[in-house]
Amino acid sequence: MQKLLWSCRLTIGLMLFPSLLFSQKLNKYWVEFTDKNNSPYCTCRPAEFLSARSLDRRARAGIAVVENDLPVTTAYVNALKANGVQLHTTSRWLNTATVIADTGAVAGLKKLAFVKKITYIGPHLRYRNPPNRPVKKRVSLAAIPKVEGAGYWGYAALQNNLLGVPLLHLAGHRGDGIWIAVMDGGFTHVDTIPLFDSIALNHRLFVGHDFVEHDEALYESAQHGTSVLSTMASDLPGYFVGTAPHATYFLLKTEDTGGEYPVEEANWVAGAEWADSAGVDIINASLGYTQFNDTTLGHRYRELDGRTAIGSRGASIAATKGMIICNSAGNEGDGTWRYVGAPADAPGLIAVGATDYEGKRALFSSFGPTSDGRIKPDLMAPGQEIVTAGNVGVQLGTSSGTSVASPMLAGALASLWSAYPDKTAEELLQAVFESADQWLEPDNARGYGLPNMTEAWLRLGDFGPGGVASDPVGGTLTFLVTGKDIPHDPVFELRDIFGKKITTAKIVLLRNE
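Residues numbered from 1 in each chain as written. Predicted model: local features only at pLDDT ≥ 70, side-chain atom pairs only at ≥ 80, totals over all residues. Heavy atoms only, no water.

**So, the side chain of lysine 321**
Phase 1 of the analysis: Summarising the element assignment, lysine 321 is placed in the loop between helix H10 (310-318) and strand S11 (324-328).
Phase 2 of the analysis: Classification of lysine 321 by relative accessible area gives buried; the value is 2%.
Phase 3 of the analysis: Side chain to side chain, lysine 321 and asparagine 68 meet in a polar contact 2.8 Å long.
Phase 4 of the analysis: Not counting chain neighbours up to four residues away, the residues in contact with lysine 321 comprise Arg57, Arg58, Ile63, Val66, Asn68, Asp69, Trp93 and Asp276. (Helix = DSSP H or I, 4+ residues; strand = E, 2+ residues; numbered from the N terminus. Buried < 20%, exposed > 50% of the residue type's maximum accessible area, 1.4 Å probe, protein only. Polar contact = N/O pair within 3.5 Å; in protein donor to acceptor, adjacent residues only side chain to side chain. Contact = heavy atoms within 4.5 Å.)

Structure (structure tokens):
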């Protein structure tokens with residue numbers, strides 16, 4: 001009898017165990033709230049949830065603090081936790097929370113009066129990264145390597161010149177005072193690679209937040225973010241200088257390298273909200289979403305209207321907060337998808353396509369339009385065989401994709417903005433769009449085209465004494481010199497695209513008072 005009883009108990013246990021396992025499987029869910037009632041926050045006290053720098057940016061642009069700036073209602077979040085779920089992220093802009101829960105807990109959430117809708121956005125992936133390592137110490141270079149004949153920008157000279165960046169740098173506008181948030185899947189070895197010594201040692205490199213694992217260990221997971229950052233932030237004169245070597249950078253991990261699911265779009269929104277609150281000026285996200293590991297969750301072209309995908313909805317709001325949002329357009333131009341992805345379809349966001357070194361659209365660069373007929377991409381930037389940081393030391397490599405085109409443009413915009421820090425994002429972008437080579441005839445292959453930061457600099461007004469623009473015609477150079485305080489008998493230096501001096505001459509000016 002005892003043997004039989006043990007056998008029965010074992011059988012019952014085996015019958016129950018599979019269902020127990022199923023109920024304990026954790027997934028991520030997107031929980032939408034009905035309202036922000038009973039919030040402890042008020043738009044009349046914005047300093048409680050937005051930094052002074054964020055508020056200053058809004059004030060310059062005449063942007064009011066509105067209800068979607070308010071954090072989600074604290075009582076609602078606490079109620080979710082009380083129902084046995086783990087909070088992953090929240091979104092004040094979309095009034096939502098992303099939670100980690102099993103199916104039983106989700107059933108309980110659906111009964112809460114303030115829960116509008118719950119959507120499955122992927123499994124809860126167990127993190128595969130090794131234990132967090134401490135930040136390593138930087139080792140000084142015995143000597144900075146040089147590239148013979150390449151001038152100040154070294155191996156980055158050609159790619160920077162395609163955007164008209166060198167003249168800005170020569171005039172001293174290299175991104176000083178501009179804050180850039182970089183959202184990616186990780187930034188391996190950024191704490192040791194000498195290309196980033198300058199921004200680190202000058203306190204212009206900051207770890208923001210890891211929205212995947214919720215720790216501050218960002219120098220791990222992926223080399224992709226390192227390559228992206230290097231196109232902007234590298235600063236080894238004569239060897240490799242990015243498009244904004246003097247900007248300030250905040251690193252955010254939003255991409256989960258363990259798998260592709262819509263939760264990453266929720267992470268994208270959370271990262272953008274963090275950047276907005278901190279007072280960031282420019283966001284670069286070399287990320288895009290079309291299909292996922294779970295094919296039932298993939299986007300359809302008709303959803304790319306800027307109002308449907310989670311990331312696109314958040315990006316559309318991000319673009320109204322006085323920041324410039326640069327996002328890779330996608331690499332599906334020669335693939336079956338063909339079109340831009342999310343959140344590149346968002347209005348107001350700058351979807352960046354890629355060109356080769358002749359300014360032609362790279363074959364892989366994704367096409368527009370959006371499903372509601374808007375032109376995409378918005379602007380182009382160099383993105384084929386672009387020089388980027390390698391894995392260790394001063395090693396360099398090349399990368400292709402709109403993932404490198406987007407930061408190339410973001411950095412160039414930072415250098416331009418540093419010349420006119422009182423301009424708004426809208427004013428700056430207007431000049432940049434007007435400088436692009438398809439401004440008057442945009443299309444869905446190259447958008448408004450490849451912009452020229454030098455021309456945009458000129459368009460924005462009085463760019464300072466001694467500023468020069470040149471136009472080679474028939475073997476001669478015609479100079480336009482603007483400014484109110486140009487000295488008599490000025491001395492001009494003529495340099496090539498590598499920054500190498502060709503000649504120096506005194507010039508007599510015919511003044512137009």
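**Some points on the state of the cysteines**
Phase 1 of the analysis: Tallied over the full model, the rule gives 1 disulfide.
Phase 2 of the analysis: Shown here is the disulfide that connects cysteine 42 with cysteine 44, its sulfur atoms set 2.3 Å apart. In this structure the cystine formed by cysteine 42 and cysteine 44 twists about its S-S bond by roughly 125°; its chirality is therefore right-handed. (Disulfide = S-S within 2.5 Å.)

**Some thoughts on the environment of threonine 296**
Phase 1 of the analysis: Along the chain, threonine 296 falls in the loop between strand S10 (282-285) and H10.
Phase 2 of the analysis: Side chain to side chain, threonine 296 and aspartate 294 meet in a polar contact 2.6 Å long.

**So, the packing of aromatic side chains**
Phase 1 of the analysis: Applying the stated rule across the entire model yields 14 aromatic pairs.
Phase 2 of the analysis: Each member of the aromatic cluster is reached from another via a ring pair, and the members are Trp179, Phe206, Phe250 and Trp274.
Phase 3 of the analysis: The ring of tryptophan 179 has arginine 53 sitting right over it, with the charged end atom 4.0 Å from the ring centre.
Phase 4 of the analysis: A cation sits over an aromatic face here: arginine 338 above phenylalanine 367, 4.0 Å from the ring centre. (Phe/Tyr/Trp six-rings, centres within 6.5 Å; stacked < 30°, edge-to-face > 60°. Lys NZ or Arg CZ within 6 Å of the ring centre and 35° of its normal.)

**Some details on the sheet that holds strand S9 (residues 248-253)**
Phase 1 of the analysis: The sheet built from 7 strands is open, its strands ordered S6-S9-S5-S10-S11-S12-S13 with parallel pairing. Each having just a single partner strand, strand S6 (205-210) and strand S13 (379-382) make up the two edges of the open sheet. Direction aside, neighbouring strands of the sheet carry axes that sit 25° apart on average.
Phase 2 of the analysis: Bridge count for strand S12 (residues 350-355) against S13 is 4 bridges, and the pairing is parallel. Its bridge partner lying in S13, glycine 353 is registered against methionine 380.
Phase 3 of the analysis: Its contacts with the sheet put helix H8 (residues 224-233) on strand S5 (179-184), S9 and S10, and the angle it makes with S5 is roughly 155°. (Pairing = 2+ DSSP bridges. Axes fitted to C-alpha atoms, helices over the stretch in contact; angles between N-to-C directions.)

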